[in-house]
Amino acid sequence: MKFTINRAAFVKELNNVSRAISSKTTIPILTGLKIVASDAGLLLTGSNADISIETLIRADDPDLGLSIDEPGAIVLTARFFSEIVKRLPEKEMTVTVKDGFQTEITSGAAAFNINGQDANNYPHLPEIDAADSVVLSGAVFKELIGQTVIAVSNQESRPILTGVHFVLSNNQFLAVATDSHRLSQRQIELPTPSDATFDVIIPGKSLTELSRMIGDDDTDVKMQFSENQVLFLLGDTSFYSRLLEGNYPDTSRLIPKEASTTVEFEAPELLAAVERASLLSHESRNNVVKLTLTPAENQVTIFSNSPDVGNVEEDLAPKELDGEDLEISFNPDYMKDALRSFGQSTIRVAFTSALRPFTLVPTEDTSNFIQLITPVRTF
C-alpha cells in the first residue's frame, strides 16, 4: 500500500476517527487505526467496541491532494501514528507499507518506520439495514443532544440511565434523559413525514462524541438502527454506537401537571444569579442554594450559606410571579446545566411544593422542551 496526501486534510479526518480509539481495551488491535486504500480513496476506521467511526477521504476531491499509488490495508498503533503525523515538517506526507507490515511515513526530510498489523484481523463493523431511518438537520440534532445529555447518569449501577431515550412515533421525535435527580425532555416534529418508528436508548458518551463531530455547516444527520446498534451518517463519515439494553423508566408521570407558584425570568439573568450563589455553596458540604418566592410582594430572593466562608443573599427581579409563597432548596449545578440549555430564552419555572420536583420551560414553547429538577430537603 502506498499513498500521498495533504497532511492538514488527513489530520482533520484522523482526529474524528481517533475519538473512537481507546488505549484501554481488551482487544489489542482496537488500539490501532485501520487504513484501507482503494480507487475510491482512503477509508479510516477506529473503534473501541462501544463506538466505531469510519470516514472516507475521497480520491476525487482535489482539495485533499490524495494520490493512491498502490491499494492495500494496514492497522497502525493510533497513538504513535497520530503524534507522528501531527509533527511532520511538510504540507504533504506519504505512507508506504512494506513486507511484514513495516510502514514508512515520510514528509520532507523526516522518515519514520513503525510496525503495523494485518488489517484482516480487525473486527468487522456491524451491518445495519437502512429500512428504519430518520433524517434530522445537524444543527437541530446537535442542540437536542446538548439539551438532554446533561441529565444522563454517570453511575454505572443503573446502566439504563447512562443513556438518552429516543422514541419516534407519528412523526414526533422525543428524547428524554434522567439521572433520577433531574430530567430533560425535548420533542421535535420531523419536517418530512417518516414511516419509521423506534424506541431505543443511546449511551450519553456516544452522543457527546457524535455532537463534537457535527460541524456548523448544518449537514443533515441520518440515523439507522439494527437490533443493538445505531448508525449515524454525516456526509462521508459513519458513526456507529451500541444501544443500551433494557426498558427505560416511564418518565412522563414524573412531570407535574399543576403548579402552585410560577415565576418567569430571562434565563441568562437567573443563571448569573445562581452562579454567584454557587460560589459559596460549593464550599459547604451539602452544596445547596435556597430560593424564596413571595408573590404578594413580587419578591424573589436567592440565598446560599457556607459555615466556613460566609453567605450570600440577592434579590432578583422576576418578569412575572404568581401563586403561593414558597421556600425551596436545590443543587445549583443542576440548575446551571438546565439554564444554560435554554440559551437566551425567557423561561417559566413552575413549583408545586418545597419537596416536589419543579420544571423549567421556555415561555415561547412550553410543551416541547422541559427541564425538571428535584429539590433538596434541608430540614
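Whatever comes next refers back to the structure up there.
Residues numbered from 1 in each chain as written. Predicted model: local features only at pLDDT ≥ 70, side-chain atom pairs only at ≥ 80, totals over all residues. Heavy atoms only, no water.

**Quick notes on the packing of helix 1 (residues 7-18) against helix 2 (residues 78-87)**
- At a minimum axis distance of 10 Å, the contact between helix 1 and helix 2 shows a crossing angle of 150°. By the angle class used here, helix 1 and helix 2 are roughly antiparallel. Regarding helix 1 and helix 2, the two cross each other, and that crossing is left-handed. For the pair helix 1 and helix 2, the contacting residues are Arg7, Phe10, Val11, Leu14 and Asn15 in the first and Phe81, Ser82, Val85, Lys86 and Arg87 in the second.
- Partitioning the contact of helix 1 with helix 2 into residue classes produces five nonpolar, two polar and three charged. (Axes fitted to C-alpha atoms, helices over the stretch in contact; angles between N-to-C directions. Helix = DSSP H or I, 4+ residues; strand = E, 2+ residues; numbered from the N terminus. Parallel < 35°, antiparallel > 145°, perpendicular 65-115°, else oblique. Left-handed = near helix turned anticlockwise from the far one by under 90°. Contact = heavy atoms within 4.5 Å. Nonpolar A, V, L, I, M, F, W, Y, C, P; charged D, E, K, R; others polar.)

**Structural notes on the sheet that holds strand 19 (residues 289-294)**
- Taken in spatial order, the four strands line up as 21-20-19-23 in an open sheet, and their pairing is antiparallel. Among the strands making up the open sheet, the edge pair consists of strand 21 (310-316) and strand 23 (326-330). Mean inter-strand twist for the sheet, computed between neighbouring axes without regard to direction, equals 15°.
- Bridge count between strand 19 and strand 23: five bridges; the pairing is antiparallel. Residue Thr292 lies in a different strand from strand 23, and its bridge partner there is Glu327.
- Sheet strands in contact with helix 5 (residues 267-281) are strand 19, strand 20 (299-306) and strand 21, and its direction is about 165° off that of strand 21. (Pairing = 2+ DSSP bridges.)

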